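Chain by chain, the residues run as shown.
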Amino acid sequence: MVLFLLFFSPGNESQVQERRIKSKYDFGTPELSAAQKLYSAKRYEEALDAYQSILDKALKKPNWEEVVYTMEKKALTLRRLGQTTEMILVMDQAIKLAMNHLPKGHFLISKMYYTRGAMDHRLGNFYIARSYLDTALTYYNSSTSYDSAAYAKLIEYKFYAYQYSEGNQDTLLKALEELVRLEELAQKKNPEPDEMLIWLQSYPVIYIQKGDFEQALAYAIKGYKYAKENRRSVSPRYYAEAQYYLAQVLYYKKDFLRTIEIGNEAMPLVESIPRINMPEYYSFNNLMGIAYMAVGNPNEALPYLQKALEIPANVGSAFEKRNKRRFKAQVKINVGLCYKNLGEPAKGKKYLDESLNEMKSLVKLPSAELHSNYRYLGDFYFLNEDWSKALISYDSALRNGLVSYTTNLLSFPKGDNMEFSYRDLVVLTKKGASIEKVGLSKNQPLNHLDSAKNYVKKTSELLFDRRDDFLASEGKLFLSQNFKELYEIGIDISYEMYAQTGDKRHFEDALNFSKASKAILFLEQSQEFDLVNNNLVSQELKNLFFQSKSDVERLQAKFYELIDNSATSDSVIMVNEQLLQTREEREGLKDSIENFLSSFQDESSLEMIIDGKGDLSVDKGKAFIEFFYGDEHIYVLGKSKSDVSFERVEISNELTVALEEVVSAASSPPNVALHETQLNLFQEQSFLIYRKLLKATLDKFKPNLNHLILVPDEFLSRLPFGLLVEKKESQIVGFNELHYLIKSYSIQYQLSSELVNSDRAVSRVNDKILGIGYLDDGNVSTLGSLPGTEMEIERLEAMVPGKYLLGSEAVKSEFLRQARDYDVLHLAIHGRSDSTNNYQSTLIFNGDETENTMNTNDLYLASLKARLAVLSACESGLGVINKGEGTFSIARGFALVGVPSVVMSLWKVNDRITSDQMVEMYQGFVDDGQTINSALRQSKLNYLEKSDSYNAHPYYWAAFLQLGKDIKFKQTDRGPLPWIYIGLALLTSILLGSVFVKRKRAK
């Protein structure tokens, strides 16, 4: 891909140019050579005297090059003699003399900074070392001489200094790429696969630190591939290490079973290597132990953890001893948690205390290195319901990590220049939960509850303010996967305070917490679309971007399909290479677009919609109900025009079973032979769900209530609430006798409460429909025909003006080409849900399935201006259930790309009945002037009125829902004009073109 090549310049060319322009640095005298021989023979006292004699003579001349050169040699000799203080003083003086007396661009200036940085690195002063090494590299690049060996050592020291000081990962990656390049050159002269493998295995470590576990896995497999290809010449240690890093990445990806599989495969080799030659032996055993703990098998975990504790902590240099003791202390945390899981809390506590005491002996208090000790002690106390000790432990974790934290126990941390890390936010969440528990255990808890709520609010603000930073370091879905607990805590606190005081402000706080939880996922799922959802990026560039995105996802799907069989097969390795290259191309393109747009856009379009501002207003006769599906409770937040309702429902086994079985029963055709049994069970369970989740709220808002606006959460997004039974009868013979909720209320769905009153405007294109229908062309298809579709499209064509495509005309390319010109999109085609991939739930058009399958990525390319999309297709509303929100389906994709109203289905539907319902819906929507929600509801009521005891089963009528704004077909209001003019888009295209042309010429 051309654009990718423009983003990177090959480093090899710069080195060739350097050698053409610069001369190799060389300096020496007979006296210096003689002193060096003494140094090499380890006669350090004599060498020191020799260097001092040379230095004295050079100062008398004075010969500043010789002075500086000799001072470095003297400092290195002092290091060998253990005279650290004198060594540092000599190097500082050497740097000062070099800067004051040597010509600008002299090689020795760089050399002095390098040696000083290397000395600090050896002393464990990695932050100081980084500064000197960065300076050394700057002076090396401007030097009039070069020294390839010295340059390689400089880059190596810089790499390790940044790694050991947890420096910027992008800087680390640049240094690593240069080290790999240098090693490739060295391998041509002297092949040493172990050396290359050392650098290749650093990639997964860095990407783990970045939170990009996909790239970490790709590079771990690449390292394993290299070890496998060079098996005969790679030492057993480094071959085993390649397996270790692969297992480690799989652990971080939470693929614990495959971690154990790789570990078991490697362990015979690991055990056969002498411990002195396999320092990773102990880390590998620790990894196996925590992997077994993660799958709930502490009995298997304990022996591995005990082996990890056998690390000889008193062997090696002072730096190595300290690291081993630190590692041992961390393993003791794992052993303590393991014993806790084995039902031996006393032993567990003993190991946790030992770990804390060991770490205290290694660090100067306060220290961020004690963060984990106090955090896991807090977890231990929390699980034992010792809330006060848990609170103190979490507070201690924060005070050791945030040294300027001086406020009292219940106040949110404040201090000078305080910067919260990701792990700080995790502990802030846990501390907030502990404050709540302590408060509830007291007679007057409101003070503690108010403090706990403040913790949730402040932590949420930090999450949103720094989400871009954490996105880079913790992964794409870090917020939704790890911080729904935060919002559940906030909602639970608000519930307790509302129950005690009746103050509606606590209800509003809870609603805002629920809104924030959903907004997080909205932003995460839309971030890549938002990057190009503007008039600044040309359609050609959008196509290129999403084609690249699709290529990555296609290869990734193939990769995971193969890895299910074996993580180390040749097929996985081959696809992995393609995936790595495609990802790099995509990231290069993405970075280029982001850099260009940075000067134009401050806030994304979706951020402006979901900004957490504004109160929710509800019209008379309507009720808004938002659900929050927590770990232990479902919270039901209801609001009418004049009142609120706040319920907390325990997630009992009875409720869980009812939800699962009602959804399963509704989405499957009824069995005539089991009619009575299915009828009674469905009534019983659907009434139970209604009674648990809705009855209290609706009873509070009655009478004069006729319309419900629902925001479901997690599994509830698969439940069409209209099929719930609001009154149970003792004697019934058919499904047509059930008191379905749809008979009493029209039901509208939203993705978030923030969108209920959203003024997000979409300009009407026209009042025409683009209708597309799937028609079996006689070819063999695994999808089957949709016999009612042709009639559905023909009947719609007779009712509503527009463009209608059937059969060979109804292909994906035609939809993408024409869709932007229509106000309503009607797709009577096949749909297919994907329960594993956010973007792979699909709609399937006529023709070759490989070319006519449309997923969310394709929607991003369509530049839709429609106000309504009707997806008269199987499973258009199904997809991945995300923690923190509902399903991510193809229907949700339409909402994300700006279509304000969507009609979708939740299961495979009967196409003949669907066609009838769709035609009736359009009669109400187009001919009778009803809103789309009212028209859909009326078509269901009409069906139920004509149905019998069997076909009134929800399978036939309840699948379709209306999501989003409740629009009318004819509207007089028009949204505001786009804020960016066409001329700006044209200017952008010219600018982008010139950037690319210049880069191409430079290339």
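Here the structure is a predicted model, which is why all the values come from computation and not from measurement. (Residues numbered from 1 in each chain as written. Predicted model: local features only at pLDDT ≥ 70, side-chain atom pairs only at ≥ 80, totals over all residues. Heavy atoms only, no water.)

### Focus on the overall build of the protein
Along its length, the protein carries 41 helices and 18 strands. For the protein, restricting intrachain contacts to residue pairs at least 6 apart in sequence, the fraction spanning at least 24 positions comes to 71%. Split by element, the accessible area of the protein, about 44,300 Å² in all, is 48% carbon and sulfur. (Helix = DSSP H or I, 4+ residues; strand = E, 2+ residues; numbered from the N terminus. Contact = heavy atoms within 4.5 Å. Areas by Shrake-Rupley, 256 points an atom, 1.4 Å probe, with all protein chains shown as cover.)

### A closer look at the packing of helix H10 (residues 169-189) against helix H11 (residues 193-200)
Running from amino to carboxyl end, H10 crosses H11 at an angle of 165°, the nearest separation of the two axes being 10 Å. Judged by the angle between their axes, H10 and H11 are roughly antiparallel. Classified by chirality, the crossing of H11 by H10 is left-handed. Together, Leu 176, Leu 179, Val 180, Glu 183, Glu 184 and Gln 187 of H10 and Pro 193, Glu 195, Met 196 and Trp 199 of H11 make up the contact between the two elements. Counted by class, the contact of H10 with H11 contains 6 nonpolar, 1 polar and 3 charged residues. (Axes fitted to C-alpha atoms, helices over the stretch in contact; angles between N-to-C directions. Parallel < 35°, antiparallel > 145°, perpendicular 65-115°, else oblique. Left-handed = near helix turned anticlockwise from the far one by under 90°. Nonpolar A, V, L, I, M, F, W, Y, C, P; charged D, E, K, R; others polar.)

### Examining the side chain of Glu 183
Among the secondary structure elements, Glu 183 is positioned in helix H10. Salt bridges are absent for the buried Glu 183, whose nearest opposite-charge side chain, Lys 153, sits at 10 Å. Those residues in contact with Glu 183, other than ones at most four positions away along the chain, are Glu 195, Met 196 and Trp 199. (Buried < 20%, exposed > 50% of the residue type's maximum accessible area, 1.4 Å probe, protein only. Lys, Arg positive; Asp, Glu negative; His and termini not counted. Salt bridge = Lys/Arg side-chain N within 4 Å of Asp/Glu carboxyl O.)

### A few points about helix H3 (residues 30-40)
Owing to its 3.6 residues per turn, the α-helix brings residues three or four apart onto one side. Among all positions in H3, only Leu 32, Ala 35, Leu 38 and Tyr 39 are buried. The buried residues of H3 occupy an angular sector of 115° when projected down its axis, which confines them to one face. The exposed residues of H3 that point more than 90 degrees off its buried face are Pro 30, Lys 37 and Ser 40. Each element contacted by the buried residues of H3 is listed here: helix H4 (44-60) and helix H5 (64-80). (Arc of directions from axis to C-beta.)

### Considering the side chain of His 448
On the secondary structure map, His 448 appears in helix H23 (residues 446-465). With relative accessibility at 13%, the residue His 448 sits in the buried group. Beyond its immediate stretch of four places on either side in the chain, His 448 contacts Leu 410, Ile 435, Val 438, Gly 439 and Lys 442.

### As for the packing of aromatic side chains
All chains considered together, the criterion is met by 41 aromatic pairs. Ring centres of Tyr 224 and Tyr 239 lie 6.1 Å apart, and the angle between their planes is 50°; on these two criteria the pair is classed as tilted. Of this pair, Tyr 224 sits in helix H13 (residues 213-229) while Tyr 239 sits in helix H14 (residues 236-252), and the two are 15 residues apart along the sequence. Each member of the pair Tyr 224 and Tyr 239 is classed as buried. When the ring of Tyr 950 is compared with that of Tyr 956, the centres are 6.1 Å apart and the planes differ by 55°; the resulting orientation is tilted. Taking the relative accessible area as the measure of exposure, Tyr 950 reaches 25% and is therefore partly exposed. Counting every residue linked through ring pairs, the aromatic cluster contains Phe 126, Phe 159, Tyr 160, Tyr 164 and Trp 199. If you follow Lys 350 out to its NZ or CZ, it ends over the ring of Tyr 351, 4.6 Å from the centre. Looking at Lys 437, its charged tip hangs above the ring of Trp 387, at a distance of 5.5 Å from the centre. (Phe/Tyr/Trp six-rings, centres within 6.5 Å; stacked < 30°, edge-to-face > 60°. Lys NZ or Arg CZ within 6 Å of the ring centre and 35° of its normal.)

### Some remarks on the pattern of salt bridges
Between side chains of opposite charge, a pair can form as their charged atoms come close. The full count for this structure, using the stated rule, is 43 salt bridges. One salt bridge connects Arg 116 with Asp 92, and the closest N-O pair in it is separated by 2.7 Å. In this pair, Arg 116 is assigned in helix H7 (residues 107-122) and Asp 92 in helix H6 (residues 84-101), connecting sequence segments 24 residues apart. Linking Arg 237 and Glu 241 is a salt bridge whose minimum nitrogen-to-oxygen distance equals 3.0 Å. One end of the pair, Arg 237, and the other, Glu 241, are both in helix H14, 4 residues apart, so they sit about a helical turn from each other. The class for Glu 241 is buried, based on a relative accessible area of 4%. Each of Asp 92, Arg 116 and Asp 120 takes part in salt bridges that share partners, so that together they form one network.

### Observations regarding a negative patch on the surface
A cluster of acidic side chains, namely Glu 485, Asp 631, Glu 632 and Glu 650, defines a negative patch on the protein surface. By the element assignment, Asp 631 lies in the loop between strand S3 (622-629) and strand S4 (633-639). Judged by its relative accessible area of 60%, Asp 631 falls in the exposed class. (Patch = residues over 30% accessible without salt bridge, like charges linked within 9 Å, V, L, I, M, F, W, Y side chains within 5 Å. Charge placed at Lys NZ, Arg CZ, Asp CG, Glu CD.)

### Concerning the environment of Ser 110
Along the chain, Ser 110 falls in helix H7. Distance in space between the C-alpha atoms of Ser 110 and Ala 98 is 9.3 Å, their sequence separation being 12 residues.

### Considerations on helix H12 (residues 202-210)
Within H12, 7 of the 9 residues are buried, leaving the element largely enclosed by the surrounding structure. Taken together, the buried positions of H12 are occupied by Ser 202, Tyr 203, Pro 204, Ile 206, Tyr 207, Ile 208 and Lys 210. Following H12 by one or two positions, Gly 211 has its phi on the positive side, about 85°.

### Focus on the confidence of the model for the protein
Of the residues in the protein, 84% reach a pLDDT of 70 or more, and the chain-wide mean stands at 84. Within the model, pLDDT remains below 50 along residues 835-839, and this stretch shows 15 contacts once partners closer than five positions in the same chain are excluded. (pLDDT = per-residue confidence, 0-100.)

### Focus: the packing of H14 against helix H16 (residues 281-294)
One way to put it is that H14 packs onto H16 with a least axis distance of 11 Å and a crossing angle of 30°. One element, H14, and the other, H16, form an angle in the roughly parallel class. As H14 packs across H16, the resulting crossing turns out to be left-handed. The segment H14 lies against H16, with Ala 240, Gln 243, Tyr 244, Ala 247, Gln 248 and Tyr 251 engaging Ser 283, Phe 284, Leu 287, Ile 290, Ala 291 and Ala 294. Along the lines of polarity and charge, the residues of the contact of H14 with H16 split into 9 nonpolar, 3 polar and no charged.

### Description of the nonpolar core
Of all hydrophobic cores here, the largest spans 190 residues; its most connected members are Phe 159 and Phe 646. Excluding residues within four positions of it along the chain, Phe 646 makes contact with Ile 491, Ser 494, Tyr 495, Tyr 498, His 506, Phe 507, Ala 510, Tyr 635, Val 636 and Leu 637. Judged by nonpolar contacts, the second largest core, of 117 residues, contains Tyr 629, Leu 693, Ala 819 and Leu 961. (Core = buried A, V, L, I, M, F, W, Y, C linked by side-chain atoms within 4.5 Å.)

### Details of the pairing of strand S5 (residues 644-650)
It is a general feature of regular strands that their side chains alternate between the two faces of the sheet. Relative to S5, S4 runs antiparallel, the two being bridged by 7 bridges. Its bridge partner lying in S5, Tyr 635 is registered against Arg 648. Between S4 and S5, which pair antiparallel one after the other, the connecting turn spans 4 residues. (Pairing = 2+ DSSP bridges.)

### As for the pairing of strand S6 (residues 707-711)
Summarising burial for S6: 5 of the 5 residues are buried, a large majority. Every second residue of S6 is oriented toward a common face, with His 707, Ile 709 and Val 711 on one face and Leu 708 and Leu 710 on the other, all of them buried. In the sheet, S3 pairs with S6 via 5 bridges, with the strands oriented parallel. In the sheet register, Lys 622 faces S6, and the bridge partner there is His 707. Where S6 and strand S7 (residues 746-749) come together, 4 bridges link them in parallel fashion.

### Digging into unusual backbone geometry
The amide bond that connects Leu 365 to the next residue, Pro 366, takes the cis arrangement and shows omega of -10°. Secondary-structure assignment places Pro 366 in the loop between helix H19 (345-362) and helix H20 (371-383). The step from Lys 702 to Pro 703 runs through a cis peptide bond, and the omega angle for that step is -5°. Within the secondary structure, Pro 703 sits in the loop between helix H33 (695-701) and S6. Phi at Glu 385 takes a positive value of approximately 60°, unusual for a residue other than glycine. Tracing the sequence through the fold places Glu 385 in the loop between H20 and helix H21 (387-401). Backbone geometry at Asn 704 places phi at a positive 60°, although glycine is not the residue there.

### Observations regarding the environment of Tyr 560
By the element assignment, Tyr 560 lies in helix H28 (residues 539-563). C-alpha separation for the pair Tyr 560 and Val 575, spaced 15 residues apart in sequence, amounts to 9.9 Å. With residues near it in sequence (within four places) discarded, Tyr 560 still touches Glu 214, Leu 217 and Lys 253.

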